[in-house]
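# Report on the structure
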Amino acid sequence: MTPNIHHEKREIVGERLELKKGPIYWLGPDLTVRDSTVIISAAGRSLVPMAGQFINCTIQAKGQLKGVVWSQMTFRGCRFKGRFRGNEFGFREGLVDTSRFKPGGIEDCDFSEAELDGVAFNGCDMGTIRLPRWPCFTFVDPVRHAAELRKHSWPGLVGRVTVEVACDSPTGRVAVTWHAATVAEQMETTVEELRAALETAPGIFM
């Protein structure tokens with residue numbers, strides 16, 4: 001039977017918190033992790049973010065952390081390292097029952113040392129977020145740029161898939177970041193062709 005570990009109704013300060021492979025981790029409610037290093041080896045499906053906050057923490061993903069929706073967690077002043085795929089940060093309408101849980105958020109965080117692919121940012125001020133540079137690239141405010149992005153010339157399947165995913169972003173999504181080599185391989189193009197198209201497209205950070 002898979003063990004359950006509950007980090008709830010507690011404050012962790014100045015510690016090394018390891019989320020290892022095997023158990024299911026319930027994060028919250030009422031969890032505060034401050035000035036700590038959080039090492040995540042667990043698979044994304046083993047993390048259950050309930051409600052809480054990470055303040056001035058270093059968050060290190062070992063391996064690739066996939067598919068975690070952090071809408072009920074707040075991150076302030078955190079630094080992210082490692083590989084994150086398909087994660088969502090910040091509050092998105094419809095994902096959280098606000099009658100039961102306080103919505104999360106993200107501000108003043110640094111992803112410059114992380115590798116992000118399909119990572120979304122919702123309901124936050126991207127001016128406070130340090131994003132990774134190339135070979136990662138970010139669609140900033142993609143809905144506002146949707147018409148121009150759709151008219152732009154894209155190699156392979158990038159326009160029909162990756163760009164459409166960005167343009168059809170749900171309400172409140174302010175940015176989505178991708179990893180160039182991963183996109184190129186999946187979208188039947190090359191990194192060089194992808195970069196050339198991105199350099200002349202609107203609303204791209206790279």
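Right above here is the structure, for reference.
Now for a quick tour of the structure. For clarity, every value in this text was computed on a predicted model and none was experimentally measured.

Rules of the game
- Residues numbered from 1 in each chain as written.
- Predicted model: local features only at pLDDT ≥ 70, side-chain atom pairs only at ≥ 80, totals over all residues.
- Heavy atoms only, no water.
- Helix = DSSP H or I, 4+ residues; strand = E, 2+ residues; numbered from the N terminus.
- Buried < 20%, exposed > 50% of the residue type's maximum accessible area, 1.4 Å probe, protein only.
- Contact = heavy atoms within 4.5 Å.
- Areas by Shrake-Rupley, 256 points an atom, 1.4 Å probe, with all protein chains shown as cover.
- Lys, Arg positive; Asp, Glu negative; His and termini not counted.
- Charge placed at Lys NZ, Arg CZ, Asp CG, Glu CD.
- Salt bridge = Lys/Arg side-chain N within 4 Å of Asp/Glu carboxyl O.
- Polar contact = N/O pair within 3.5 Å; in protein donor to acceptor, adjacent residues only side chain to side chain.

## Notes on the overall build of the chain
- What the chain contains, in helices and strands, is 4 helices and 18 strands.
- Dimensions of the chain, computed from C-alpha atoms along their principal axes, come out at roughly 50 × 35 × 30 Å.
- By the burial criterion, 49% of the 206 residues in the chain qualify as buried.
- Within the chain, counting contacts between residues at least 6 apart in sequence, those at least 24 apart form 46% of the total.
- Accessible surface, the chain as shown: approximately 10000 Å² in total, 46% of it carbon and sulfur.
- Charged side chains of the chain number 25 positive and 25 negative; the gap between the two group centres comes to 4 Å.

## Regarding the pattern of salt bridges
- Counted according to the given criterion, the structure contains 14 salt bridges.
- A salt bridge links R130 to D110, with the shortest nitrogen-to-oxygen separation between them at 3.4 Å. On the criterion of sequence distance, the pair formed by R130 in the loop between β15 (119-122) and β16 (136-140) and D110 in strand β14 (residues 110-117) is long-range, its members being 20 residues apart.
- Classification of D110 by relative accessible area gives buried; the value is 10%.
- A salt bridge links R150 to E164; the shortest N-O distance between them is 2.9 Å.

## What about the environment of L149?
- Of note, L149 is situated in helix α1 (residues 146-151).
- Classification of L149 by relative accessible area gives buried; the value is 1%.
- For the pair L149 and I24, spaced 125 residues apart in the sequence, the C-alpha separation amounts to 40 Å.
- Not counting chain neighbours up to four residues away, the residues in contact with L149 comprise F139, P142, W154, V163, C167, A201 and P202.

## Topic: the side chain of D110
- Of note is the side chain of D110, whose polar atom sits 2.6 Å from the side chain of S112.
- Among all residues touching D110, those that are not within four sequence positions of it are C78, R79, F80 and R130.

## Considerations on unusual backbone geometry
- For the bond from G28 to P29, the omega torsion is 5°, close enough to zero to count as cis.
- Note on placement: P29 falls in the loop between β4 (24-27) and β5 (31-34).
- For the peptide bond that leads from W134 to P135, omega is 20°, which places it in the cis range.
- By the secondary structure assignment, P135 is in the loop between β15 and β16.
- Even without being glycine, K9 reaches a positive phi, approximately 50°.
- Within the secondary structure, K9 sits in the loop between β1 (4-7) and β2 (10-13).
- A residue is classified by how much of its surface remains accessible, and K9, at 65% relative accessible area, is exposed.
- One non-glycine residue with positive phi stands out, namely D108, at about 55°.
- You can see D108 is positioned in the loop between β13 (105-107) and β14.

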